[in-house]
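Tertiary structure, described
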Amino acid sequence: MYLKQLSVINFKNYAEAGLTFSEGVNVFTGNNGAGKTNLLDAIYYLALCKSYFNPIDSQQIKQGTDFFIVTGNFDRDGKAENIACSVKKNQKKQFKRNKKDYQRLADHIGLLPLVMVSPYDISIIIEGSDERRKFIDNVISQTDNSYLDELLVYNKVLANRNALLKQIADTGRYDPALLEIIDEQLTASGNRIFEKRKLFMEAFTSIFNKHYSFLSDDAEQVEMVYDSQLLLNDFAGLLKKNMEKDRMLERTNAGIHKDDLVFSIHGMPMKKFGSQGQQKSFLIALKLAQYSFLDRQNKFKPILLLDDIFDKLDDSRVTKLMQMISNHDFGQVFITDTSESRVRGIFDNIGVAITLFKVKGGEIDA
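Since the structure is predicted, the reported quantities are computational estimates derived from the model, not experimental observations.

Remarks on the overall build of the chain
Scanning the chain from terminus to terminus reveals eleven helices and 15 strands. For the C-alpha atoms alone, the extent of the chain along its principal axes is close to 70 × 50 × 35 Å. Counting every position in the chain, which comprises 366 residues, the buried fraction comes to 49%. Put simply, 72% of the contacts in the chain that link residues at least 6 apart link residues at least 24 apart. Surface summary for the chain: the accessible area is close to 17500 Å², and the carbon and sulfur share equals 47%.

Below is the structure:
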């Protein structure tokens, strides 16, 4: 699968731009703030129905205008796909596939598998467990249409349970029968999500280990472990065991919404003991494992977006990464960097042709 053409109107700092891409490596170069990353975000929009960086659609509209349109022409396993996203201030976002509106944006997720690697990904390591659960959910939802729906069900029931716990605390009225019904709904949905996460991690962990080993030349010992309360406990039993605590804190303290990934290097927390270069290598291996997983599941190659990845990586890891993504295991790649000469030098050294676009202040010179 690859993106043949991209068109943007009033998107972020672009008034209007149209680009035609190669099936291989496409590079955007320019100074910080020129708009390189905005082009990657436009591509991300077409695949995932939202910005990678900002969840508020109206804030992607170019200042002084009241709408944006992003359109892409894709080749998906030999079949042409035209995808268009438009946002007008104070109106519902429109998403179209081959000129037909989607009734639900969730129905689009997974059609155009894509992986973004960005400096913002450091939050997966240094922030709370929410970020790591989002990562798991993002990967699985691109390969399993029912997974996203199940998450919505779980989160709705969880919100209802927490609201009931607060109501019990406020009024002193406790209805065990009602809570039992909600608990049955929560455990049924939660167990389904847990089983899918567990199966995913069993496959994903070995893929990640392979990528990190290659990037680091086996220089470091890293580990990624799936941590869930449900690995050793029955969900329904946990809810009963935590009932008094839940009533006191007015929230549900057990469930798959507490799942996490534990990252370590040489047996120590990656967050505290990994260098900036090691953390970046870990994140890149994580995202390349995501790419490989999506490739295996979908039977065609996702699009790979690499935003400002050369910073804080030593030359050896940069070369190995570029060799990896330039071989037959990867398809279309988009890269941003501030230095045209650095990018040309890297790809000249490994004998790979690139299509380069120079970006300056929302203008593009191919």
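Notes on the packing of aromatic side chains
Scanning the model with the defined rule gives 21 aromatic pairs in all. For the pair F28 and F334, a centre-to-centre distance of 6.3 Å together with 15 degrees between the ring planes defines the contact as stacked. With F28 in strand β3 (residues 25-29) and F334 in strand β13 (residues 333-337), this pair connects stretches of sequence that are 306 residues apart. Just as F28 is buried, F334 falls in that class too. Aromatic rings pair up to connect F21, F28, F334 and F357 into one cluster. When the ring centre of Y174 is taken as reference, the NZ or CZ atom of R247 above it lies at 4.4 Å.

Looking at the environment of I335
Structurally, I335 can be placed in strand β13. Taking the C-alpha atoms as reference points, I335 and F28, 307 residues apart in sequence, are found 6.1 Å from one another. If near-sequence neighbours (up to four positions away) are discounted, I335 is found in contact with V25, N26, V27, F28, L306, F310, M322, I325 and F347.

Describing the nonpolar core
Within the largest apolar cluster, 70 residues are counted, with the highest numbers of intra-cluster contacts made by L304, M322, I325 and I335. With twelve residues, the single largest contributor to this core is helix α5 (residues 176-216). Among the nonpolar cores identified, the runner-up in size contains 41 residues, and F28, C49, I83 and F334 belong to it.

A word on the sheet that holds strand β1 (residues 2-11)
Strand order across the open sheet formed by six strands is β2-β1-β4-β5-β6-β7, with antiparallel pairing between neighbours. Strands at the two margins of the open sheet, each flanked by one partner only, are β2 (14-20) and β7 (100-101). With four bridges joining them, strand β5 (residues 79-88) and strand β6 (residues 94-97) adopt antiparallel strand pairing. Paired with S86 across the two strands is Q94, which belongs to β6.

Remarks on empty space enclosed by the protein
Inspection of the entire model under this criterion finds one cavity of 30 Å³ or more. Approximately 40 Å³ is the volume attributed to the largest cavity. As for the largest cavity, its lining consists of R104, A106, I109, S141, D144, N145, L148 and D149. Looking at the lining of the largest cavity, the element that brings in the most residues is helix α4 (residues 145-171), giving three residues.

Quick look at helix α11 (residues 340-349)
Here α11 has its buried residues at V343, I346 and F347. Projected down its long axis, α11 shows its buried positions confined to an angular sector of 85 degrees, all on one face. Residues of α11 that are exposed and angled more than 90 degrees away from the buried face: S341, D348 and N349. For α11, the elements touching its buried residues are β3, α10 (315-326), β13 and β14 (354-360). Positioned one or two residues after α11, G351 has a phi angle of 70 degrees, which is positive.

Section: the packing of helix α3 (residues 129-141) against α4
At their nearest, the axes of α3 and α4 sit 7 Å apart, and the two run at 140 degrees to each other. For the element pair α3 / α4, the angle class is oblique. Between α3 and α4, the residues in contact are D137, I140 and S141 and Y147, L148 and L151, respectively. Of the residues that constitute the contact of α3 with α4, the class distribution is four nonpolar, one polar and one charged.

Remarks on the layout of surface pockets
Considered as a void within the structure, the largest pocket measures approximately 1000 Å³ in volume. When grouped by side-chain class, the residues that make up the lining of the largest pocket number 18 nonpolar, nine polar and nine charged.

Examining the environment of L3
Within the secondary structure layout, L3 lies in strand β1. On the accessibility criterion, L3 (0% relative accessible area) is buried. Between the alpha carbons of L3 and G190 there is a distance of 37 Å; along the sequence they are 187 residues apart. What L3 contacts, discounting residues up to four positions off in sequence, is F21, I43, G72, N73, F74, I303, Q332 and F334.

The rules behind these values
- Residues numbered from 1 in each chain as written.
- Predicted model: local features only at pLDDT ≥ 70, side-chain atom pairs only at ≥ 80, totals over all residues.
- Heavy atoms only, no water.
- Helix = DSSP H or I, 4+ residues; strand = E, 2+ residues; numbered from the N terminus.
- Buried < 20%, exposed > 50% of the residue type's maximum accessible area, 1.4 Å probe, protein only.
- Contact = heavy atoms within 4.5 Å.
- Areas by Shrake-Rupley, 256 points an atom, 1.4 Å probe, with all protein chains shown as cover.
- Phe/Tyr/Trp six-rings, centres within 6.5 Å; stacked < 30°, edge-to-face > 60°.
- Lys NZ or Arg CZ within 6 Å of the ring centre and 35° of its normal.
- Core = buried A, V, L, I, M, F, W, Y, C linked by side-chain atoms within 4.5 Å.
- Pairing = 2+ DSSP bridges.
- 1 Å grid on protein atoms, 1.4 Å probe; cavity = no way out; pocket = protein on both sides within 12 Å on 5 of 7 lines; lining within 4 Å.
- Points joined across faces, edges and corners; volume = space filled by probe spheres on them.
- Arc of directions from axis to C-beta.
- Axes fitted to C-alpha atoms, helices over the stretch in contact; angles between N-to-C directions.
- Parallel < 35°, antiparallel > 145°, perpendicular 65-115°, else oblique.
- Nonpolar A, V, L, I, M, F, W, Y, C, P; charged D, E, K, R; others polar.

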